[in-house]
Amino acid sequence: PLFFSGNGPSGICLSYLLSGYTPYFKRHSLHPNPILQRKLEEAPEVSVLDQDLEYLSEGLEGRSHSPVALLFDTLQRPDTDFGGTAESVLTWWHEPDRAIPHLVLGRNAPGGAWHSIEGSMVTLSKGEWMGLPDLPFKEWLKQKRRGLRNNRATAEDIAQYYQHYVMKKGLQNNFRCGTVVTSVRKVSAESISNHTQQDLQEDSDSLWHSNEKSTEVFQVDGFLKTLEGDKKPFSIYAENVVLATGTYDNPTWLGVKGENLSYVHHQLSALEEAVKNSSVGLMSDPVLIVGAGLTAADAILFAHHCNIPVIHVFRRRVTDPGLIFNQLPKMMYPEYHKVHQMMKEQTAACAGPYECYISLPEHHVLSFGKDRKCILQDKNGCQKAYKISMALVLTGSNPNLSFLPNNGIDLAIDSDQPVSSKRNPIDVDPFTYECTQEKGLYALGPLAGDNFVRFVQGGALAAASSLVKKANKNPP
């Protein structure tokens, strides 16, 4: 038996692969990469899950560092990076006897953090890149008689699509929503051999008795939030656990004085709330926005749309190649290009064409005061105070791994630093996504450094392949 935490795109995709849905190379289909085509033709009767993923993905290049992510992506969308619309070279067969019993635990409905994002927000990725295996996102939108705006989708569409996917593919019995995991730790199998699984498994208890063969298993503790608002505790024992919790729910703090004051916020939703209840507006003091990523840009666009004055503070130079805006094609992302233009043209030193906005590159926050005065410092050490109505610190987020021993730090590539999707992901085997420091524990998605829906699916393929091979020990 297997359990995994997190029911976003990674968790949904893995559940699909473990429910007996098996990918094969579609006979007579032609992949634009001739080397990959030749490899696929060598054993078309063997499912991709049972093949050597390292061999298949060798030599592939693209926008991800993960070889298996590139492989699964190019099998599903062969020439998408070149604007092509070639069909997937995979065909999916439902082989129920290959299914591996599993539970997917998540706080929200299937779709994870997509349910927490403002519904009208438009995705960074092209709409078709948000889709999951064997149900193209575009086709689902067509059924709703909707099109893609500039090839991109809204967060509300994505959240609905993920819920629809779980129902359409018949995966709902594997999902337990409204669950919070509080602890995952290794225990000896003897100590729990008398226990049965509690509470989460209604009708297949026999499945969840511990397996005597394994000397150590994982004990997963947590609680289920009932409709009445109670917390019902549970414990599960599993030989394999998959972490797919993403990074959305733990925003990064600056660590400066006054950051815990009530007018300092760490999520974009705080600005939306303030606009709704009219606590900020055209005549109020400016809103301070800290950060130079896409969430900060979304906040600036939102404030600009509502005529709210903004002071925008960020540490980098506007021309820094590491700045996300310098990596996005202008044609596809006109609104982010506009923010980048404002950042360049509207510095405090020279007034530009945009009212209600001041950009302060190469600045950082020193402190927030009780009088709503914020002290900023530039690269030369000059300090200046600004009176603001509220502050939004939008400098990224980190995973919340408080349910793991030592917050999961021992699992990271650098085991002296906290886990971070961009700087210090969990150290996994690139072809199985099993943690190098803890056998039986797997990490997917942002926890393993894969940050786009398009590429998290490769991690699910790698983990499913590894788990299938463990389950039948003698693959074809």
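Residues numbered from 1 in each chain as written. Predicted model: local features only at pLDDT ≥ 70, side-chain atom pairs only at ≥ 80, totals over all residues. Heavy atoms only, no water.

Q: Describe the overall build of the protein, and please don't skip the residues or the numbers.
A: Scanning the protein from N- to C-terminus turns up 11 helices and 20 strands. Counted over contacts in the protein with a minimum sequence separation of 6, partners at least 24 positions apart contribute 68%. Carbon and sulfur atoms provide 50% of the accessible area of the protein, an area that totals close to 22500 Å². (Helix = DSSP H or I, 4+ residues; strand = E, 2+ residues; numbered from the N terminus. Contact = heavy atoms within 4.5 Å. Areas by Shrake-Rupley, 256 points an atom, 1.4 Å probe, with all protein chains shown as cover.)

Q: So what's going on with the nonpolar core? Which residues, and what values?
A: Side chains that are nonpolar tend, in soluble globular proteins, to be buried together. Counting 78 residues, the largest nonpolar core has Leu-14 and Ile-426 as its most contacted members. With 9 residues, the single largest contributor to this core is helix 11 (residues 453-472). Each residue touching Ile-426, except ones within four places of it in the same chain, is listed here: Leu-243, Leu-401, Leu-411, Ala-412, Val-419, Cys-435, Ala-443, Leu-447 and Ala-448. Counting 30 residues, the second-largest nonpolar core is a separate cluster that includes Ile-308, Val-339, Met-343 and Leu-392. (Core = buried A, V, L, I, M, F, W, Y, C linked by side-chain atoms within 4.5 Å. Buried < 20%, exposed > 50% of the residue type's maximum accessible area, 1.4 Å probe, protein only.)

Q: Lay out the sheet that holds strand 10 (residues 231-238) in plain terms, naming residues and giving numbers.
A: Strands sit in the order 8-9-10 across an open sheet of 3 strands; the sheet is antiparallel. For this open sheet the edge positions go to strand 8 (179-188) and strand 10, each flanked by a neighbour on one side alone. Adjacent strand axes in the sheet meet at a mean angle of 20 degrees, parallel and antiparallel pairs treated alike. For strand 8 and strand 9 (residues 216-225), the ladder comprises 9 bridges, and the chain directions are antiparallel. For Thr-179, the partnering residue across the bridge sits in strand 9 and is Leu-224. (Pairing = 2+ DSSP bridges. Axes fitted to C-alpha atoms, helices over the stretch in contact; angles between N-to-C directions.)

Q: A description of the sheet that holds strand 13 (residues 287-290) should follow, citing residues and the corresponding values.
A: Within the open sheet, the 5 strands sit side by side as 12-19-13-14-15. Their pairing is parallel. Both outer strands of the open sheet, strand 12 (264-265) and strand 15 (357-360), are each paired with one neighbouring strand and no more. Inspection of the sheet shows strand 13 paired to strand 14 (residues 310-313) by 4 bridges, in the parallel sense. Looking at strand 14, one finds that Ile-289 is bridged to His-312. The sheet strands contacting helix 8 (residues 269-276) are strand 12, strand 13 and strand 19 (390-393), and the helix crosses strand 19 at an angle near 155 degrees.

Q: Now, about unusual backbone geometry: what can you tell me, with residues and values included?
A: A positive phi angle, close to 60 degrees, is found at Asn-307, a residue other than glycine. Relative to the helices and strands, Asn-307 is located in the loop between helix 9 (294-305) and strand 14. On the basis of relative accessibility, which here comes to 46%, the residue Asn-307 falls in the partly exposed class. Positioned with a positive phi, Glu-362 is a non-glycine residue whose angle comes to about 55 degrees. Note on placement: Glu-362 falls in the loop between strand 15 and strand 16 (363-368). The partly exposed category is assigned to Glu-362, whose relative accessible area is 24%.

Q: Lay out the packing of helix 8 against helix 9 in plain terms, naming residues and giving numbers.
A: Here helix 8 crosses helix 9 at 15 degrees, and the two axes come no closer than 10 Å. Taken together, the axis directions place helix 8 and helix 9 in an arrangement best described as roughly parallel. You can see that helix 8 and helix 9 cross each other, and the crossing is right-handed. Here Leu-271, Glu-272 and Val-275 of helix 8 lie close against helix 9, whose contacting residues are Ala-299, Phe-302 and Ala-303. Grouping the amino acids of the contact of helix 8 with helix 9 by side-chain chemistry returns 5 nonpolar, no polar and 1 charged. (Parallel < 35°, antiparallel > 145°, perpendicular 65-115°, else oblique. Left-handed = near helix turned anticlockwise from the far one by under 90°. Nonpolar A, V, L, I, M, F, W, Y, C, P; charged D, E, K, R; others polar.)

Q: Before we move on, could you go through the packing of aromatic side chains and cite the residues and values that matter?
A: Summed over all chains, the structure comprises 7 aromatic pairs. Note on Tyr-16 and Trp-92: the rings are 5.1 Å apart at their centroids and 55 degrees apart in plane angle, and the pair reads as tilted. Placement of Tyr-16 in helix 1 (residues 9-18) and of Trp-92 in strand 3 (residues 90-94) is noted, with a sequence separation of 76 residues between them. A relative accessible area of 14% means that Trp-92 is categorised as buried. Between Tyr-161 and Tyr-165 the ring centres are 6.2 Å apart and the planes differ by 55 degrees, which places this aromatic pair in the tilted class. Residue Tyr-161 and its partner Tyr-165 are located together in helix 6 (residues 155-168), separated by 4 residues, close to a single helical turn. Pair check on accessibility: Tyr-161 and Tyr-165 agree, each one buried. One aromatic cluster is present, formed by Tyr-16, Tyr-21, Phe-72, Trp-92, Tyr-161, Tyr-162 and Tyr-165 through successive ring pairs. (Phe/Tyr/Trp six-rings, centres within 6.5 Å; stacked < 30°, edge-to-face > 60°.)

Q: Tell me about the environment of Ala-99, residues and numbers included.
A: Looking at the secondary structure, you find Ala-99 in the loop between strand 3 and strand 4 (102-106). Residue contacts for Ala-99: discarding those within four places in its chain leaves Leu-18, Ser-19 and Gly-20.

Q: Kindly report on the packing of helix 4 (residues 67-76) against helix 11, identifying the contributing residues and their values.
A: Interhelical geometry of helix 4 versus helix 11 gives an angle of 110 degrees and a closest axis separation of 7 Å. Comparing their axes, helix 11 and helix 4 come out roughly perpendicular. Contacts from Val-68, Ala-69, Leu-70, Phe-72, Asp-73 and Gln-76 in helix 4 reach Arg-454, Phe-455, Gln-457, Gly-458, Leu-461 and Ala-462 in helix 11. Grouping the constituent residues of the contact of helix 4 with helix 11 by class yields 7 nonpolar, 3 polar and 2 charged.

Q: Describe helix 11, naming the residues involved and giving the relevant values.
A: End to end, helix 11 covers 29 Å across 20 residues, agreeing with the expected 28 Å (1.5 Å per residue, within 8%). Taken across its 20 residues, helix 11 has 16 buried, putting it largely inside the fold. (Expected span 1.5 Å × (residues − 1).)

Q: Can you lay out the environment of Glu-355 for me, pointing to particular residues and giving the numbers?
A: Along the chain, Glu-355 turns up in the loop between helix 10 (334-345) and strand 15. The exposed category is assigned to Glu-355, whose relative accessible area is 66%. Expressed as a C-alpha distance, the spacing of Glu-355 and Pro-309, which sit 46 residues apart in the sequence, is 7.9 Å.

Q: Residues and numbers for helix 10, please.
A: Spanning 12 residues, helix 10 covers 16 Å between terminal C-alpha atoms, matching the ideal 16 Å at 1.5 Å per step. Turning to helix 10, its buried residues are Glu-335, Tyr-336, Val-339, His-340, Met-342 and Met-343. Buried residues of helix 10, seen end-on, are gathered within an arc of 155 degrees and therefore sit on one face of the element. (Arc of directions from axis to C-beta.)

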